[in-house]
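Examining the three-dimensional arrangement
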Amino acid sequence: MPMLTPTKCKITPGRLLINNEWTDTASRLDTINPATGEVLTQISQAEVADVDRAVSAARTAFEDRNGPWRKMSASDRSRLIWRLADLIEKHIDELAELETLDNGKPIFESRYVDMPMVADVFRYYAGLATKIHGETVNTFESAFTYTLREPVGVVGLIVPWNFPLLLASWKLGPALACGNTIVLKPAEQTPLSTLRFGELAIEAGLPAGVLNIVTGGPATGRAIVEHSGIDKIAFTGSTAVGKEIMRSAADTLKRVTLELGGKSPNIVFADSDLDGAVKGAINGIFYGKGEVCNAGSRLFVESKVRDEFTEKLVARAKKMQPADPLDPKTRMGAIVSQEQMQNVLAYIEQGKKEGAQLIAGGNRVSLDGSKGFFVEPTIFGGVKNEMKIAQEEIFGPVLSVLNFDDVEQVVDQANRNPYGLAAAVWTRDIKKAHQVSRLLKAGTVWINTYGLMDASLPFGGYKASGFGRELGAHAIDHYTEIKSVWLNIG
């Protein structure tokens, strides 16, 4: 039997989407299947001139007062966004397979978690599109004063490779609901599901110029950030790149929202359901191969249950071995790229040098001699909070286990980190759960679960994990301007 399941979807060379037309460029990039190390196809690499054309198309679509986008009512925008969700569901198997081929994540995750949430996000913002409004304000008897919420304008969306279409939807949903136009750049490693989404957007009836997709590497992203015709940047990715974007966006005073890295603490108290907490800890770090910004990569276990908990944790991790991402039974896929795999392996070596105890995994895996990028689920015990593997974002299937004795100690250790994206608390004591949740410096805190998301709940970070919120009604704030109107009636 072959190691890898044959693909069912058609893979075509990627082109740029500008003004509802697909165009080629002279320069091309390979997109790689992480499970085999082989080239899936090539995509266009947008140059500065291509970004300029995309921005021009978006600007025209936004500013044309007689154009279809400006004349479209909120109700019509709502119906169009809902139609997008319907098309995603109609093509959900194809989109999931493209994402798995491009990213290496298990098809189970793509098909039954990521893509259904993409549809949910668009449905949520389809409903919200008709509920974006201003307010009347009582000032003076001689005045009629009120506020309006208006779209920001042309927004540049830059999306990472770990959840290509899902994270794009977190930005596209509110941007479209508010009436903005878009220049979207997917990660150069994982553009295929986003490009297929572009075809669905045209099929749904999105007017020309409203959604423009430009593919390419870091230079393409810089061209978007620096372009004077773009009013706002929404970025998800590393903290280092987020800092670069802030510096570059300052020259044109763009609005910026950043959802950046994480090193999230997952805290297990002795009075918790230990079996449930073990399962939550495994899902918290190994879902998505650990290539998740809110991964629970620092596991704090109360000392009195350390040995029992660690034994159960390691036993479960050893059953979760890398396998064919297209096999529905697989729960651990391939690291997204050779570069990222080498980065993960380097951190594993660093953990050994620092004196942490490797208690599970730690090796690259070859499946039937393939050149794919697979790494075992890896767990370090005896980790100190000052170690690099406990402080820096690895973005891979590597878990650091630390111990604590009381609430004060674990809160101090959990917060002693540059990041503040997410955290979790496991305990049967609900008073303690709420107490610790309030003390943790994180944008999301889960209690007796890990990683659950909903389109209606805002998501974002503290500290080096960025600022601004995606999802929920709060995202509307980042895609609208507030205008005050004062009518003198005296």
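In short, a report on the structure. Quick caveat, the model's predicted, so the values are computed rather than measured.

Moving on to the sheet that holds strand E13 (residues 298–302). Hydrogen bonds between backbone groups are what pair the strands of a sheet, and the pairing can be parallel or antiparallel. Read from one edge to the other, the open sheet built from seven strands follows the order E14-E17-E18-E13-E12-E20-E21, with strand pairing classed as mixed. In this open sheet, the two edge strands, each paired with only one partner strand, are strand E14 (357–360) and strand E21 (444–447). For this sheet, the mean inter-axis angle between neighbouring strands, taken without regard to orientation, is 25 degrees. Direction of pairing for E13 relative to strand E18 (residues 398–404): parallel, over a ladder of five bridges. Across the sheet, the residue bridging to Arg 298 is Ser 400, located in E18. Seen against the sheet, helix H11 (residues 306–318) touches strand E12 (265–268), E13, E14, strand E17 (378–381) and E18 and runs at an angle of roughly 140 degrees to E13. Sheet strands touched by helix H12 (residues 338–353): E14, E17 and E18. Its angle to E17, the strand with the most contacts, is close to 20 degrees.

Evaluated as defined, the whole model comprises 24 salt bridges. The partner of Arg 53 in a salt bridge is Asp 50, with the nearest N and O atoms 3.1 Å apart. With Arg 53 and Asp 50 both in helix H1 (residues 48–63) and three residues apart, the pair spans about one turn of that helix. Taking the relative accessible area as the measure of exposure, Arg 53 reaches 37% and is therefore partly exposed. Across the pair Asp 231 and Arg 59 runs a salt bridge, and its minimum N-O distance is 2.7 Å. Separated by 172 residues along the polypeptide, Asp 231 in the loop between helix H8 (218–226) and strand E10 (232–236) and Arg 59 in helix H1 bring together distant segments of the chain. Through salt bridges with shared partners, one network takes in Arg 59, Glu 63 and Asp 231.

With that out of the way, let us pick up the sheet that holds strand E6 (residues 143–151). Here we have three strands laid out as an open sheet, ordered E5-E6-E24, and antiparallel in their pairing. Whereas interior strands pair on both sides, the edge strands pair on one side only; in this sheet they are strand E5 (136–137) and strand E24 (480–488).

Looking now at the side chain of Thr 257. Considering the arrangement of structural elements, one finds Thr 257 in strand E11 (residues 255–259). Look at Thr 257 and you get buried, because its relative accessible area is 10%. Not counting chain neighbours up to four residues away, the residues in contact with Thr 257 comprise Lys 232, Ile 233, Ala 234, Phe 235, Phe 467, Gly 468 and His 478.

Before going further, it helps to examine H11. Relative to the 18 Å expected for 13 residues at 1.5 Å per residue, H11 spans 18 Å between its end C-alpha atoms, a close match to the ideal helical length. Every buried residue of H11 is listed here: Phe 309, Thr 310, Leu 313, Val 314 and Ala 317. With its buried residues spanning 130 degrees around the axis, H11 presents them on a single face. For H11, the exposed residues lying more than 90 degrees away from the buried face are Asp 307, Glu 311 and Lys 318. The inward-facing, buried residues of H11 abut E12, helix H10 (274–286), E13, E14, E17 and E18.

Analysis parameters
Residues numbered from 1 in each chain as written. Predicted model: local features only at pLDDT ≥ 70, side-chain atom pairs only at ≥ 80, totals over all residues. Heavy atoms only, no water. Pairing = 2+ DSSP bridges. Helix = DSSP H or I, 4+ residues; strand = E, 2+ residues; numbered from the N terminus. Axes fitted to C-alpha atoms, helices over the stretch in contact; angles between N-to-C directions. Contact = heavy atoms within 4.5 Å. Salt bridge = Lys/Arg side-chain N within 4 Å of Asp/Glu carboxyl O. Buried < 20%, exposed > 50% of the residue type's maximum accessible area, 1.4 Å probe, protein only. Expected span 1.5 Å × (residues − 1). Arc of directions from axis to C-beta.

These results come straight from atomic positions and should not be treated as a statement about function.
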